[in-house]
Amino acid sequence: MKKNKFLIIPLLLFLFFERNIYAQLVMTDQQVLEYVKESVKQGKNQKSIAAELLHRGVTKEQADRIKTLYEQQKGIGILMKQDTVQNEVRLREKIGNETFHSENEQLPVEKSMQKDCVFGRNIFNTKNLTFEPNNNMPTPPNYRLGPGDEVVVDIWGASLMTIRQTISPDGVINLQELGPVYLNGMTVKEAGAYLEMELGKVYSNEDNKIKVTLGTTRTIRINIMGEVVQPGTYSLSAFSTVFHALYYAGGVNDIGSLRDVRLVRNGKIIASIDIYDFIMQGKIKDDIGLQDGDVIIVPVYEMLVKMDGNVKRAMKFEMKKDETLATLIKYAGGFNSDAYSKTLRIVRQNGEEYEVKTVNENEYNVTKLNNGDVVTVGAILNRFTNKVEIRGAVYRPDIYGLNEEVNTVRALIKKAKGITDDAFTNRAVLQRQRDDMTSEILSVDVKALLKGDIQDIPLRKNDVLYIPSIYDLQDLGSITILGEVAKPDSYPYANNMTLEDLVIQAGGLKEAASTVRVDVSRRIKDPKSMNTTDSIGQIYSFSLKDGFVIDGQPGFILQPYDQVFVRRSPGYQVQQNVLVRGEVTFEGTYTLTSKLERVSDLVKKAGGLTRFSYARGAKIVRIANDEEKMRMQDIVNLMKRELGETILDSLGIKVENNYTVGIDLEAALADPGSDLDLVLREGDMLIVPEYTNTVKINGAVMFPNTVLYKQGAKVKYYLEQAGGYSQHAQKNKMFVIYMNGQVAKVKGCSSNQIEPGCEIVVPNKKKKNGVNISAILSYASSFASLGTMAASIANLLK
């Protein structure tokens, strides 16, 4: 069959490009498909089949539909798609977890929609349940022959012969030995007996055996009318049944009946089919085989009833007038485990308004339903009939059933395997619910009750017995240890816990811990005090060695809520490193030896500057600390308000981990230890560049440019090298960015502030409605750091 599948599809594709569409006969899609299948089985090639179909009027559009129809029948495509709108209607009726996709929408079919669906209507919309007849099954003996059926006569024994003849439209086959033989209307069994008798006269030798079978079956035409998705005339296999025909018609529509599908043959109703019998019980006796000319009629439903609430299948059901509420419950799959099945509620329309009917359990079998009824099954109450509970200091705290065994306080404690050693037995609490649903508390002396000194207390449903622990009645609190210990945290208090015990629990002291200063802070507690006091805490200080107290009160006992602080030793210092790059004798990482170590000291450690260095362009790249990052974030937030977040993102401005510090290395080396000699801090990187003899001109100039540095030249000279100011230049806001990261405002065109490697920036004029964005974009990439850029933009915003 796979071979035939791949043969048919290329054949249909071949038909797409043919243009000879003029013919006298017009074939339906189903007829074309059946014709192609029969031709392939007979061994015809693609060219001859295509020629025959073209002469019969097959068009490109029709071939397209047939290809889809063939894929649908073989399970390799979607459902039959003769018309887009009809296909959408069918798919929208499907329930479950499938999703419908169309060109303009996507409709997820959720499980909650099942309540509004009619039970059984989706059976003919499921592609995995096609009801397609089995053409490989043995021919039923009662199958009646008709025009188009192929009769196969096998003769063996003294003679060996196979005769294959197709019954003509007149109902006959033409045998060479007998002439025309009329078989129309005979069953296969009757035709076999008749042919064996007649051919037996020709092949009279007793050694000959004759057997008659059915070869290729004919195609029958049936009509499907009434409330189906696609009513019309269909060409089907002669083995097709009513269910197969309904599947091809897309199933019943929104008002069609599943309970009274009628089969009309020769003008008479020969069967009324109830599809619920097949769905609920698997009965296929009503799935009747079709004959040529049969008519299937689907009438309008008589009664729809909705089942809601706590049933296994809450949805709509089509009911017959003689069916009862008990039948509806069966169709709904029965009650859920939490359903209240003693009574049901029916909401009914009486022609004027709604009415409610309550049906008792013993009336389910006799209660008839009306069209539009809504039957609701409620849930059981969320409460217990015999629950008691025990909590607290017992071995098995739990919920127990109130019964003959457990009906008193003593029996409940026994069921819970008794009280624990830490139980406080002088007073337990029994919480009880009164008849009016209010609560009351009963005190229980458990110790006296267990000894038999007092009378046992009977239990009621929903009683809760709480036996406290002695620890529940004490505020033990916790103890906190902070500072230079391995695991600073809060730890539960224990009796006789010492400072040494807590240090051990916290993993011991860190290397940086001070052993001469450990402080303990304690709350002021005086529950009997009658006066206020100005004291809000007490402090105890200790010295430790190897985790033990050597100075202070030995064996100091901690109290609940004490706080212990292990200080960091002032004599403990971690190595702090700085980095030097560029034109120094020895590049690399160096360790600071003093908090006041300066840039000149670092250059000296690195062996001094090389002869290629440019000290005026040296700069420091510093790692930003938390405070500096906070200030930079404030600047970024200011820029967001002024420029907008989208523009700021396009500029790529964000808080950076590093920033540049402008220094004057020449002055620092000339006067070591002065204010010009920067004090270093951990992570600093000194960069000493090579000499650069160019100057950049950027921003609102006619032609941004980079030119050679000319000693003694004024600012005006460099502006001329860039073509002068542009139309929107803001001349009085011009500034210079030097190689060392410093920024200076230009004092005038005759100023000689220019140095090798610097950059002259001419801002654009600020627009009336805010900051000139193009000005920022024109020179944003030139800034060395966020700090420099933020300062410059803040200057523009003034």
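A quick note: this is a predicted structure, and the numbers were derived from the prediction, not measured.

Participant: Whenever I open this one, the overall build of the chain confuses me. Can you help?
Facilitator: Across its full length, the chain holds 19 helices and 38 strands. Scored against the burial criterion, the 798 residues of the chain give a buried share of 42%. Considering only residue pairs separated by 6 or more positions, the chain has 62% of its internal contacts joining residues 24 or more positions apart. For the chain, the exposed surface amounts to about 44700 Å²; the carbon and sulfur share of it is 49%.

Participant: Help me understand the pattern of salt bridges, please; the structure alone is not making it clear to me.
Facilitator: Pairing of side chains with opposite charge becomes possible as their charged atoms draw close. Tallying each qualifying case throughout the model produces 23 salt bridges. The salt bridge involving Arg 391 is made with Glu 389; its shortest N-O contact spans 3.0 Å. Judged by its relative accessible area of 41%, Arg 391 is partly exposed. Overall, the relative accessible area of 15% leaves Glu 389 in the buried class. If you follow the salt bridges from partner to partner, you end up with Arg 259, Asp 274, Lys 320 and Glu 323 in one network.

Participant: How should I be thinking about helix H6 (residues 188-202) in this particular structure?
Facilitator: Because an α-helix packs 3.6 residues into every turn, residues spaced three or four apart end up facing the same way. Here H6 is 15 residues long and its end C-alpha atoms lie 21 Å apart, about the 21 Å a rise of 1.5 Å per residue gives. For H6, every residue scored as buried is listed here: Val 188, Ala 191, Gly 192, Leu 195, Glu 198 and Leu 199. Down the axis, H6 shows its buried residues gathered within 145 degrees of arc, on one side only. Residues of H6 that are exposed and point over 90 degrees away from its buried face: Lys 189 and Lys 201. Here the buried face of H6 lies against strand S3 (150-156), strand S5 (172-175), strand S6 (179-182) and strand S7 (209-214).

Participant: Where do I start with the environment of Ser 541 in this structure?
Facilitator: In this structure, Ser 541 sits in strand S26 (residues 538-545). For Ser 541 and Val 564, which are 23 residues apart along the polypeptide, the C-alpha to C-alpha distance reads 9.6 Å. Within the structure, the side chain of Ser 541 is placed 2.7 Å from the side chain of Asp 519, a separation counted as a polar contact.

Participant: Please explain the nonpolar core as it appears in this structure.
Facilitator: For soluble globular proteins, the rule of thumb is that nonpolar side chains tend to be buried together. Ranked by size, the top nonpolar core spans 74 residues in total, and within it Leu 183, Ile 296 and Phe 317 carry the most contacts. At six residues, helix H7 (residues 242-248) tops the list of elements feeding residues into this core. Excluding its chain neighbours within four sequence positions, the residues that come into contact with Ile 296 are Ile 222, Asn 223, Ile 224, Met 225, Val 242, Ala 245, Leu 246, Val 261, Arg 262, Leu 263 and Leu 290. By size, the runner-up hydrophobic cluster in this structure holds 21 residues, among which are Val 578, Ala 618, Ile 620 and Leu 686.

Participant: What should I look at first to understand the sheet that holds strand S21 (residues 439-444) in this one?
Facilitator: Working definition: the strands of a sheet are paired by backbone hydrogen bonds and lie parallel or antiparallel to each other. Pairing is mixed in the open sheet, where five strands are placed in the order S19-S18-S22-S20-S21. At either end of the open sheet lies a strand with only one pairing partner, and these are strand S19 (398-401) and S21. On average, each strand axis in the sheet is inclined to that of its neighbour by 20 degrees, with strand direction left out of account. As paired elements, strand S18 (residues 387-392) and strand S22 (residues 464-467) share four bridges and run parallel to each other. Among the inter-strand pairings, Ile 390 is bridged to a residue of S22, identified as Leu 465.

Participant: How do you make sense of unusual backbone geometry when you look at a structure like this?
Facilitator: Note: most residues except glycine have negative phi, and most peptide bonds are trans. Phi at Lys 417 is positive, roughly 65 degrees, even though this residue is not glycine. Structurally, Lys 417 is set in the loop between helix H10 (409-415) and strand S20 (428-433). The exposure class of Lys 417 is exposed, given its relative accessible area of 61%. Here the phi dihedral of Tyr 561 falls at roughly 70 degrees; this positive angle occurs in a residue that is not glycine. Relative to the helices and strands, Tyr 561 resides in the loop between strand S27 (548-551) and strand S28 (563-568). Owing to a relative accessible area of 27%, Tyr 561 belongs among the partly exposed residues under this scheme.

Participant: How should the confidence of the model for the chain be read in this particular structure?
Facilitator: Note that predicted coordinates carrying low pLDDT should not be read in detail. Residues of the chain with pLDDT of at least 70 account for 79%, and the chain-wide mean is 80. Note on residues 773-787: pLDDT is under 50 here. Beyond four places in sequence and across chains, it has 37 contacts. Scored below 50 in pLDDT, residues 790-798 makes 17 contacts in the model with residues more than four places away or belonging to other chains.

Participant: Just checking my understanding: could you explain the sheet that holds strand S14 (residues 316-318) for this structure?
Facilitator: The five strands are arranged S14-S13-S17-S15-S16 in an open sheet whose pairing can be described as mixed. Two strands lie at the open edges of the sheet, namely S14 and strand S16 (354-360), each paired on one side alone. Across the sheet, the axes of successive neighbouring strands diverge by a mean angle of 25 degrees, strand direction being ignored. Two elements, strand S15 (residues 343-349) and strand S17 (residues 374-377), share three bridges in a ladder whose sense is antiparallel. The residue of S17 that forms the bridge with Val 347 is Val 374.

Participant: Please explain helix H14 (residues 626-643) as it appears in this structure.
Facilitator: Given a rise of 1.5 Å per residue, 18 residues ought to cover 26 Å, and the 25 Å separating the end C-alpha atoms of H14 matches this to within 8%. What H14 keeps buried is the set Glu 628, Met 632, Val 636, Met 639 and Leu 643. What you see down the axis of H14 is that its buried residues fit within an arc of 80 degrees, all on one side. Of the exposed residues in H14, those oriented more than 90 degrees away from the buried face are Asp 626, Glu 627, Met 630 and Arg 641. The N-capping residue of H14, defined by a side-chain oxygen 3.3 Å from the backbone nitrogen of Glu 627, is Asn 625. The first or second residue beyond H14 is Gly 644, which carries a positive phi of 100 degrees.

Rules used throughout
In this convention, every chain numbers its residues from 1, walking through the sequence in written order. Reporting of local features is limited, given that this is a predicted model, to residues whose pLDDT is at least 70; pairs of side-chain atoms are given and counted only at 80 or more, and all residues count toward the totals for whole chains, interfaces and linings. Heavy atoms throughout the structure, all of them, feed into the side-chain values; hydrogens and water do not. Put simply, DSSP marks the helices as runs of H or I at least four residues long and the strands as runs of E at least two long, and each gets a number from the N terminus on. Exposed residues in this analysis have more than 50% of their type's maximum accessible area, buried residues have under 20%, and partly exposed residues fall in between, with area computed by a 1.4 Å probe over protein chains only. Any pair of residues with heavy atoms lying within 4.5 Å of one another is described as a contacting pair. Using a 1.4 Å probe, the Shrake-Rupley method yields the accessible areas, and only the shown protein chains count as cover for residues. We count a salt bridge whenever a side-chain nitrogen from Lys or Arg sits within 4 Å of a carboxyl oxygen from Asp or Glu. Here a helix's expected span is defined as the number of its residues, less one, multiplied by 1.5 Å. Directions are taken from the helix axis to each C-beta atom, and the arc is the one they span. Polar contacts, as used here, are pairs of N or O atoms within 3.5 Å; protein pairs need one atom able to donate a hydrogen and one able to accept it. Residues neighboring in sequence count only if both atoms are side-chain atoms. Among buried residues, the Ala, Val, Leu, Ile, Met, Phe, Trp, Tyr and Cys ones that are joined through side-chain atoms within 4.5 Å form a nonpolar core. What makes two strands pair is DSSP finding at least two bridges between them. A fitted line through C-alpha atoms represents every axis, and for helices the fit uses only the stretch in contact; the resulting angles, taken between N-to-C directions, go from 0 to 180 degrees. Scored between 0 and 100, pLDDT is the confidence that the predictor attaches to each residue.

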